Amino acid sequence: MHAASSGDLLADRRYEYARAYSDAGDHEAAADLYLQALELVPGWLPALVGAADSLTATGRRSDAEPLLREAAARDVDGLFGTSLKLAALGLAEMPIAPPEAYVRGLFDDYADRFETALVDDLGYRAPWLIADLIEEVQPGARFQRGADLGCGTGLMAEVLKGRVGHFSGCDLSPEMVARAEAEKRYQALAVADACGFLSTSQDSYDLVTAADVLVYVGALDVLFGVVADRLAPDGLLGFTVEEADDGDLVLRDSLRYAHGEAYVRRVLAEAGLTVVALRRDTLRFDHGAPIRGLVVVARHAP
Ligand SMILES: C[S@@+](CC[C@H](N)C(=O)[O-])C[C@H]1O[C@@H](n2cnc3c(N)ncnc32)[C@H](O)[C@@H]1O
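Every chain is numbered on its own, with residues counted from 1 as its sequence reads. The predicted nature of this model means local features are confined to residues of pLDDT at least 70 and side-chain atom pairs, given and counted, to a pLDDT of 80 or more, with totals for whole chains, interfaces and linings taken over all residues.

A. Representation of the overall build of the protein. Helix and strand definitions here come from DSSP, where helices need a minimum of 4 consecutive H or I residues and strands a minimum of 2 consecutive E residues; each element is numbered from the N-terminal end. Counting its regular elements, the protein contains 13 helices and 9 strands. Computed over the C-alpha atoms, the radius of gyration of the protein is 20 Å, within 12% of the 19 Å expected from 2.2 N^0.38 for a compact globule of 302 residues. Dimensions of the protein along its principal axes, counting C-alpha atoms only, are 60 × 40 × 35 Å. In this scheme the burial state of a residue depends on its C-beta neighbours within 10 Å: 20 or more other such atoms mean buried, 12 or fewer mean exposed, and anything in between means partly exposed; the C-beta positions come from the backbone. Across the 302 residues that make up the protein, the buried fraction comes to 44%. By the convention adopted here, residues are in contact when the distance between their C-beta atoms, placed from the backbone, does not exceed 7 Å. Taking contacts inside the protein between residues at least 6 apart in sequence as the whole, the part at least 24 apart equals 59%. Put simply, the radius of gyration uses C-alpha atoms, and a globule should come to 2.2 Å times the residue count raised to 0.38.

B. Representation of helix α10 (residues 174–182). Listed in full, the buried residues belonging to α10 are M176, V177 and A180. Mapping the buried residues of α10 onto a view down its axis gives an arc of 95°, with all of them on the same face. Looking at the buried side of α10, the elements it contacts are α6 (100–110), α7 (114–122), β2 (164–171) and β3 (188–191). Note on α10: the residue one or two positions beyond its end, K184, has a positive phi of about 50°. Directions from the helix axis toward the C-beta atoms define the arc.

C. Spotlight on the domain arrangement of the protein. Domain borders in the structure are assigned automatically or taken from a domain database. Looking at the assigned domains, one finds that the protein contains domain 1 (9–93) and domain 2 (111–300). Distance from the C-alpha centre of domain 1 to the C-alpha centre of domain 2: 32 Å.

D. Broad picture of the nonpolar core. Y34, L48 and V227 are the most contacted members of the largest nonpolar core, which has 91 residues in total. Considering every element that reaches this core, the biggest residue donor is helix α3 (residues 45–57), with 7 residues. Split by domain, the residues of this core number at least three in each of domain 1 (9–93) and domain 2 (111–300). Dropping the residues within four chain positions of it, L48 is found in contact with L38, L67, E70 and A71. By convention in this section, buried Ala, Val, Leu, Ile, Met, Phe, Trp, Tyr and Cys residues joined through C-beta atoms within 7 Å make up a nonpolar core.

E. Main features of the environment of H287. Relative to the helices and strands, H287 resides in the loop between β8 (273–286) and β9 (289–300). You can call H287 exposed: it has 5 C-beta atoms within 10 Å.

F. Structural detail: the site of the ligand. Taken together, 22 residues form the shell around the ligand, and within it G150, G152, A194, A211 and Y216 come nearest. At the level of elements, α6, α8 (126–137), α9 (155–159) and β2 are the ones that each hand at least two residues to the shell around the ligand. As used in this record, a residue near a molecule or strand is one whose C-beta atom, placed from the backbone, is within 6 Å of it.

Shown next, in the form of structure tokens:
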């Protein structure tokens, strides 16, 4: 996350060096420089978060904890994800959803390298896995009106090209939407939260997709309820989740949520959606390790 200036040039410079060390994996050096920045500008939120993260990475959790608590008290709009960080360290209750400002900031920062970083470097496959499963459920299907929730730069639309008559995309991140717009991948785009987008939509959809988005949504009951309201009878919902080994809803150290299969099935059923296909597969890689997930297609029972 790019930080606004602290108002002190030397502190800003320490902070930038700290980030570079952190990116290079030298968390000791990074922590030291973040702490130096804090000596110059006490309470500067970006440096508090950076110091807490670096100290955690070096295993100095007890040193990190007071800094993270101070950061959380200052992170009023949630931009720095401190509520998630506290929960991931077991220092606070798990929120059922991340702060919108955190998700928006994360992807606004990531937008210009999203496709190369994810697809080329991390073997990202979620949109392709969803499209393959839809094809299996309904071979050769064409859809009249689709909604892609958390559309990002528009990979889902690219993969389903020619198969959705009118495809709308929505995303929390203006920068991601700007890239989807430039690629002309959708007939309509909105900078909006998935729930808000669907609940204010006048349209009925025969396809709704959410590729690698629900990891940033958390609890799924409200969203699935709104999806069911807007899905036409027999309409399909295709999505991926990272699979929790244990439990319904788990916040990982990556600050992404994982969901258990039983939870996903239960919340879908409560919304009136029936699972028609569910596969386990590798969604992408993280530091070389496969991230296992569930690929699901559900139908809105008429
Ligand atoms: C990992 S990216 C996936 C983007 C795209 N679906 C793809 O497969 O390439 C997750 C996207 O979901 C968006 N997002 C996360 N939570 C959201 C929400 N509640 N409403 C709308 N978009 C959301 C993020 O801004 C980000 O662009």
